[in-house]
Each structure stands twice: as C-alpha cells, then as structure tokens.
Amino acid sequence: MLTNERHEFILNLLEQKQTIKIQDIVDLTEASESTIRRDLTVLENRNQLERVFGGAVLPGRNLSEPTIKDKSTRNLEEKDSIAKLAASLVQDGDSVYLDAGTTTFQMIRYLRDKNIVAVTNGLTLVEELNEHGITVYLTGGLLKPRTGAFIGAQTIQSLKNYRFDVCFLGVNGFHPEMGYTTPDPEEAAVKRLASSLASESYVLADHSKADKISFAKIMELGDAVLITDSISTELRETLEKKTTVKVGTR
C-alpha cells in the first residue's frame, strides 16, 4: 500500500471508529509499526487527527462535550437498562453519590422506594430526587451550563465533607488502556474525588462510550466497576482483565 493510500485508509477508518489503535492499523495495512507511527505524525501535523497513547482520535473530538439536551435523547433504552441495574445495587440506609448525567438521572425513579441519602453535583437531578422523596444534598460550586454539573474548588471542598457507601459516575469514554475519561479536567477531578470517598464505585456508560478517549483522565478501569449494555464479547473479555463488567438487560 502506497503512503497516500495508507493515509486515506487511516482517515477513513478513524471516521468510522472515532478512535483507532496503532496495532489495528498495522494488522489491517500489513505495514510496520514504525511506518504507521510516522503516518500518524504526518497526519497530526496536517491537523487531520490527534495522537493519543497507542493510537489516534479525530481532531477536537476528545475535547467536545454534548449538552444535557443532546445526551438526554441518545440511547434511552440502553441508559434505562443500565440505570435499573445500577439502582438494584443500592441498599436501604446507603449514602449515595450521584454524578451529574443523564444515566444517573434515569436511576432516580428506581430508587424511590429506598431509604437513602443522596449527594449530587448535578443540578438537573435535584428536583427529581426531591419529587421521589429522597433526601438530597447539592454540592454547589461553579455551574457548567452545558452539562448542569457543579465543578471547581467549592465543589471539591464540599465533597470532602462526605463519605459514601456507593458512588455512581458518568463518563464520556472507557478504554482498555486509557481508562475512564471526560472532556473537562475540572469535572474529572470531581468524579475522581467522589470515587475516592466511596466504599464502592460504579461507572455507568452505554456502548457508545466504548473505546472512546476524551481529554481528561478520571481514573483507571480497575478503580470502578463498569455497568454498560451490549458490547462485543471480545471487548468485554479485554475489559474484564482489568475490572468487573456488569451488563444491564432491557
């Protein structure tokens, strides 16, 4: 395969998969790893992709963040199956951290008959928790209009006052090598702290987040149990070498 053909192949593959690994390109093109690394460097210099550990992503994609409205209309059935399974892990008397997000929002209706206390940094979750009779504490801090999440120093300080039995987090991507990621470093810091304050941590992420890498790392795969929906057997086996994977059913 000529250089230009390889470049076109790489970009087409990236457009399809959003995230590609060097080894996958090597296998598909039968070129050497050093050749593929040079190809990626050339394409990055042309602003056609961005290099990440072990592969590449489309330029700017690892920084982009959908709005609450955007996320609330995507993969609703999958999110519901994940939320139902996640809620089943909460016991009466638990103190629970619910991260800002649309899947954690879906959990709330399945928690209404449980005697729990919830803490959240998600503005959109508060009214729903209150309506279902769940005692709720809001962290406060700097509000991100795009996601409805509170972040920043005040949020961090507020969180340090609590300890949780269980913590449920949303992410923008989960990847066997890069772990759990999100576009905003400040939001990543809030998620990471909340997880560290909990006896058990769970990440809720549907299949569209699989193999995706965002800008800011939250934590390693093994730092939380992953709750997802349908993913390939191959990916699940890879993930289970590093963490526990639970799959919600519809």
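Provided above is the structure to which this section pertains.
1. Re helix 5 (residues 76-88)
Then, in step 1: With 13 residues, helix 5 extends 18 Å between its outermost C-alpha atoms, agreeing within 8% with the 18 Å of an ideal straight helix rising 1.5 Å per residue.
Then, in step 2: Taken as a whole, helix 5 has its buried residues at E78, K79, S81, I82, A83, A86 and A87.

2. Thoughts on the sheet that holds strand 13 (residues 216-219)
Working definition: the strands of a sheet are paired by backbone hydrogen bonds and lie parallel or antiparallel to each other.
Then, in step 1: Taken together, the three strands give an open sheet; going across it, the order is 10-11-13, and neighbouring strands pair in antiparallel fashion. Of all the strands in the sheet, the pair left with one neighbour each is strand 10 (173-175) and strand 13. Within this sheet the neighbouring strands show an average axis-to-axis angle of 35°, counted without direction.
Then, in step 2: Pairing geometry for strand 11 (residues 179-182) and strand 13, over three bridges, is antiparallel. Among the inter-strand pairings, T181 is bridged to a residue of strand 13, identified as K217.
Then, in step 3: Helix 9 (residues 185-196) contacts strand 11 and strand 13 of the sheet and is inclined by roughly 5° relative to strand 13.

3. So, the nonpolar core
Then, in step 1: Y97, L159, F174, Y180, V203, L226 and L239 are the most contacted members of the largest nonpolar core, which totals 30 residues.
Then, in step 2: Counting only elements with at least two residues in this core, the list comes to helix 8 (153-159), strand 9 (164-170), helix 9, strand 12 (198-204), strand 13 and helix 10 (233-239).
Then, in step 3: In terms of residue count, the dominant contributor to this core is helix 9 (four residues).
Then, in step 4: Filtering out sequence-adjacent residues up to four positions away, L239 remains in contact with F174, P176, L221, L226, I231 and V245.

4. Comments concerning helix 9
Then, in step 1: Compared with the 16 Å implied by 1.5 Å per residue over 12 residues, the 16 Å span of helix 9 between its first and last C-alpha is a close match.
Then, in step 2: What helix 9 keeps buried is the set E187, A188, V190, K191, L193, A194 and S195.
Then, in step 3: A distance of 2.8 Å separates the backbone nitrogen of E186 from a side-chain oxygen at the start of helix 9, and that oxygen is part of D184.

5. So, the environment of N115
Then, in step 1: Counting through the fold element by element, N115 comes out in the loop between helix 6 (102-107) and strand 5 (117-120).
Then, in step 2: For the pair formed by N115 and V203, sequence separation is 88 residues and the distance between their alpha carbons is 22 Å.
Then, in step 3: Excluding residues that lie within four positions of it along the chain, N115 makes contacts with D92, G93 and D94.

6. Some words on the packing of helix 2 (residues 22-29) against helix 3 (residues 33-45)
Then, in step 1: Running from N to C, helix 2 and helix 3 cross one another at 115°; their axes reach a closest spacing of 9 Å. Relative to helix 3, the element helix 2 lies roughly perpendicular. Note on packing geometry: the crossing formed by helix 2 with helix 3 is right-handed. On helix 3, the residues touching I22, Q23, I25, V26 and T29 of helix 2 are E33, I36, R37 and L40.

7. A word on the pattern of salt bridges
Then, in step 1: Evaluated as defined, the whole model comprises 10 salt bridges.
Then, in step 2: The network of salt bridges with common partners includes K144, D184 and E187.

8. Focus: the sheet that holds strand 3 (residues 55-57)
Then, in step 1: The antiparallel open sheet is built from three strands, whose spatial order is 1-3-2. Lying at the two open borders of the sheet, with one neighbouring strand each, are strand 1 (19-21) and strand 2 (50-52). Taken pair by pair, the neighbouring strands of this sheet meet at an average axis angle of 30°, ignoring direction.
Then, in step 2: The pairing of strand 1 with strand 3 spans three bridges and is classified as antiparallel.

9. Some remarks on the pairing of strand 5
Then, in step 1: Of the strand pairs in this sheet, strand 4 (residues 95-98) and strand 5 are connected by four bridges, and their pairing is parallel. The residue of strand 5 that forms the bridge with V96 is A118.
Then, in step 2: One crossover worth recording links strand 4 to the parallel strand 5 by way of helix 6, and it is right-handed.
Then, in step 3: The pairing of strand 5 with strand 6 (residues 135-138) spans four bridges and is classified as parallel. In the sheet register, A118 faces strand 6, and the bridge partner there is V136.
Then, in step 4: Between the parallel pair strand 5 and strand 6, the chain is carried across by helix 7 (residues 123-131), and the sense of this crossover is right-handed.

What counts and how
- Residues numbered from 1 in each chain as written.
- Predicted model: local features only at pLDDT ≥ 70, side-chain atom pairs only at ≥ 80, totals over all residues.
- Heavy atoms only, no water.
- Helix = DSSP H or I, 4+ residues; strand = E, 2+ residues; numbered from the N terminus.
- Expected span 1.5 Å × (residues − 1).
- Buried < 20%, exposed > 50% of the residue type's maximum accessible area, 1.4 Å probe, protein only.
- Pairing = 2+ DSSP bridges.
- Axes fitted to C-alpha atoms, helices over the stretch in contact; angles between N-to-C directions.
- Contact = heavy atoms within 4.5 Å.
- Core = buried A, V, L, I, M, F, W, Y, C linked by side-chain atoms within 4.5 Å.
- Polar contact = N/O pair within 3.5 Å; in protein donor to acceptor, adjacent residues only side chain to side chain.
- Parallel < 35°, antiparallel > 145°, perpendicular 65-115°, else oblique.
- Left-handed = near helix turned anticlockwise from the far one by under 90°.
- Salt bridge = Lys/Arg side-chain N within 4 Å of Asp/Glu carboxyl O.
- Right-handed = clockwise from strand over helix to strand, strands pointing away.

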